[in-house]
Amino acid sequence: MNQGLVLTKKHSLNGTIEVPGDKSISHRAVMFGAIAEGKTTIQNFLTGEDCLSTISCFKEMGVSIKQEGTNVTIEGKGFSGLKEPVNILNVGNSGTTTRLMLGILAGRPFHACIIGDESIAKRPMDRVTAPLRQMGAHIDGRNNGSFTPLSLRGGNLKSIYYKSPVASAQVKSSILLAGLQADGTTTVEEPYQSRDHTERLLSAFGVHVKKQNLTVSVEGGQTLKGANIYVPGDISSAAFFLVAGAIVPDSSIKLKNVGINPTRTGILDVLENMGAEIEIIPTLDSAEPMADISVRTSELKGTEISGELIPRLIDEIPIIALLATQAEGTTVIKDAEELKVKETNRIDTVVGELKKLGADIEATNDGMIIRGKTKLKGGTNVSSHGDHRIGMMLAIASTICEEPVELMQHEAVSVSYPAFFDHLNLLSKTI
Ligand code: S3P
């Protein structure tokens, strides 16, 4: 039986850290390198379990991928260089691997099986399998292809115009990757702008991508050309320390080279709206913009988070909920029903676990309502429920709890931030 990790109150957090590479970009850099012609190099690759699952799936399809720490080299041979896998493709905990890889496999003339962990088995795959079937892929799986395990045989694809009911970068990317193998022009329209890493990275690999308001189109038959990619720090990982810096007394934290793609910076808008003292100094600007971000202990006030802001901070809602417990007044989060189909049902897990610590928080149908400012008591067990972002949120929560907290299933953080606890310790010691 795994032991819980006992975490105690911190009197201040100070110092500078560099959070690991962006998860979304690391996945895409590997996948695009695998289907490109020629050599791709990736620097500052995220060595979290999710991105390692992507590497192992593409290795199973015969792609030569060398990973040495955060450096990755891929010898791509184009879409047609992918080989029918002998083994089942195991995506572990990674929804991005599953959905984007389905888009690539949809056009490959071979058979493949996909399986993942317990959490993946609960996540809806019909949001991609339905449009990919419309394009001509043969997909089967549990509950008629709605859930893993899935099996598929790629088809001769025809292009589609797909009006997505959800603002999801995974859905958009999956269809565009299939569209690159289809005849004619494939277009995806979304209700709100979701993260645009696929569009930016495809351009870096030499693909012509047309963007117009909320639609993105690609012409089938284009070739990706190997590229050299530098992955910026993950703003979704930085978010935990941005919030920690704002809520732990006497703190000042600097995070270096964080990706500030505008489709991802909702957390910065929320911190500013709530009155947090943050400073953003742009650094390198390549395919993806980056900045050094500093934060210090702040007086915070409640806010409302809804509508088009939601896809710009969807993965940060667990840590924003904690932030809101330390703000004066009420914070309302709505239009966020997508939280129910993440690694866990994040409305339930956030509300349930923060309540145990003493927060005044209630679940709604499409979000949550948090009243602050509340002293968190702690003195209890909490659990990540196997969800990396819930685990990290609870670890940060424990830094302001009066009594020690025992965090169960803390290993889940390795999915996106293997060095998370080391960084937390580093910041607590450098006073
Ligand atoms: C991701 C998109 C988002 C996000 C996930 C990563 C991506 O999911 O929550 O962590 O890399 O495309 P949806 O596209 O389902 O909203």
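Rules of the game
Residues numbered from 1 in each chain as written. Predicted model: local features only at pLDDT ≥ 70, side-chain atom pairs only at ≥ 80, totals over all residues. Heavy atoms only, no water. UniProt positions renumbered as here; feature names shortened; annotations may be inferred. 1 Å grid on protein atoms, 1.4 Å probe; cavity = no way out; pocket = protein on both sides within 12 Å on 5 of 7 lines; lining within 4 Å. Helix = DSSP H or I, 4+ residues; strand = E, 2+ residues; numbered from the N terminus. Buried < 20%, exposed > 50% of the residue type's maximum accessible area, 1.4 Å probe, protein only. Contact = heavy atoms within 4.5 Å. Near = heavy atom within 4 Å. Polar contact = N/O pair within 3.5 Å; in protein donor to acceptor, adjacent residues only side chain to side chain. Areas by Shrake-Rupley, 256 points an atom, 1.4 Å probe, with all protein chains shown as cover. Sits in = over half its atoms within 2 Å of the grid points. Nonpolar A, V, L, I, M, F, W, Y, C, P; charged D, E, K, R; others polar. Domains from an automatic or database assignment. Disulfide = S-S within 2.5 Å. Points joined across faces, edges and corners; volume = space filled by probe spheres on them. Salt bridge = Lys/Arg side-chain N within 4 Å of Asp/Glu carboxyl O.

### Here's the deal with the UniProt feature "binding site: phosphoenolpyruvate" (unreviewed entry) in the protein chain
Step number 1: Per the UniProt entry, the sites bearing "binding site: phosphoenolpyruvate" (unreviewed entry) are K23, G95, R123, Q170, R346 and R389 in this numbering. Of the annotated positions named here, the largest pocket is lined by K23, G95, R123, Q170 and R389.
Step number 2: Structurally, the position occupied by R346 is in helix α11 (residues 346–357).
Step number 3: For R346, a relative accessible area of 1% corresponds to the buried category.
Step number 4: When neighbours within four sequence positions are excluded, R346 is seen to be in contact with D315, P318, L339, K340, M368, D387, H388, R389 and I390.
Step number 5: Inspection of the secondary structure assignment puts R389 in helix α12 (residues 388–398).
Step number 6: Given the relative accessible area of 3%, R389 is considered buried.
Step number 7: Once residues within four sequence positions are removed from consideration, R389 is found in contact with K23, S236, F240, D315, P318, R346 and S416.

### What about the environment of L271?
Step number 1: Here L271 lies in helix α9 (residues 266–273).
Step number 2: C-alpha separation for the pair L271 and E189, spaced 82 residues apart in sequence, amounts to 30 Å.
Step number 3: Look past the residues within four positions of L271 in its chain and what remains in contact with it is L242, A276, I278 and L323.

### Description of helix α4 (residues 126–135)
Step number 1: Those residues of α4 not exposed but buried are R127, V128, T129, P131, L132 and M135.
Step number 2: In the segment just after α4, G136 is the residue with positive phi, at about 120°.

### Here we look at the site of the ligand
Step number 1: As a matter of local geometry, the ligand sits amid S24, R28, T96, S168, A169, Q170, R195, I314, D315 and K342.
Step number 2: Between the ligand and R28 there is a distance of 2.7 Å, counted from an oxygen atom to a side-chain nitrogen or oxygen.
Step number 3: Separating an oxygen atom of the ligand from a side-chain N or O atom of D315 is a distance of 2.7 Å.
Step number 4: The fraction of the free accessible surface of the ligand (390 Å²) that becomes covered by protein chains is 95%.
Step number 5: Under a 2 Å grid-point criterion requiring more than half of the atoms, the pocket assigned to the ligand is the largest pocket.
Step number 6: Looking at the shell around the ligand, the elements that each hand over two or more residues are α1 (23–35) and α6 (169–179).
Step number 7: Considering only residue class, the shell around the ligand consists of two nonpolar, four polar and four charged.
Step number 8: Structurally, the shell around the ligand is a two-domain feature, drawing no fewer than three residues from each of domain 1 (5–20 + 232–428) and domain 2 (23–219).

### A few points about the environment of T54
Step number 1: With respect to the helices, strands and loops of the structure, T54 is situated in helix α2 (residues 49–60).
Step number 2: We classify T54 as buried; its relative accessible area is 0%.
Step number 3: Sequence spacing of T54 and T98 is 44 residues, and the spatial spacing of their C-alpha atoms is 8.7 Å.
Step number 4: Once you skip the residues sitting within four places of it in the chain, T54 turns out to touch H27, V30, M31 and T97.
Step number 5: A polar side-chain atom of T54 sits 2.7 Å from a polar atom in the side chain of H27.

### Observations regarding the state of the cysteines
Step number 1: One pass over the full model with this rule turns up zero disulfides.
Step number 2: Unpaired in terms of disulfides, C57 finds its nearest cysteine sulfur in C51, a separation of 12 Å.
Step number 3: On the basis of relative accessible area, C57 is assigned to the buried category, the value being 1%.

### What about the layout of surface pockets?
Step number 1: Its boundaries defined by the atoms lining it, the largest pocket holds a volume of some 630 Å³.
Step number 2: Lining the largest pocket are 39 residues, and of these A167, S168, I314, E338 and K342 lie nearest its centre.
Step number 3: Elements with a minimum of two residues in the lining of the largest pocket: α1, α3 (95–105), α6 and α12.
Step number 4: The greatest single-element share of the lining of the largest pocket, amounting to four residues, is contributed by α1.
Step number 5: Here the lining of the largest pocket is built from residues that sort into 11 nonpolar, 12 polar and 16 charged.
Step number 6: Lining the lining of the largest pocket are residues from two domains, each supplying at least three of them: domain 1 (5–20 + 232–428) and domain 2 (23–219).
Step number 7: Taken as a whole, the second largest pocket holds about 420 Å³ of empty space.

### Examining the domain arrangement of the protein chain
Step number 1: According to the domain assignment, the protein chain contains domain 1 (5–20 + 232–428) and domain 2 (23–219).
Step number 2: Summarising the inter-unit geometry, the C-alpha centres of domain 1 and domain 2 are found 28 Å apart.
Step number 3: On the side of domain 2, 23 residues touch domain 1, which itself brings 26 residues to the contact.
Step number 4: For the interface between domain 1 and domain 2, the tally reads three salt bridges.
Step number 5: A salt bridge links E343 to R123; the nearest nitrogen and oxygen atoms lie 3.9 Å apart.
Step number 6: Taken together, domain 1 and domain 2 are joined by 13 residue pairs in polar contact (both at pLDDT 80 or more).
Step number 7: Considering only residue class, the side of domain 1 that touches domain 2 consists of 10 nonpolar, seven polar and nine charged.

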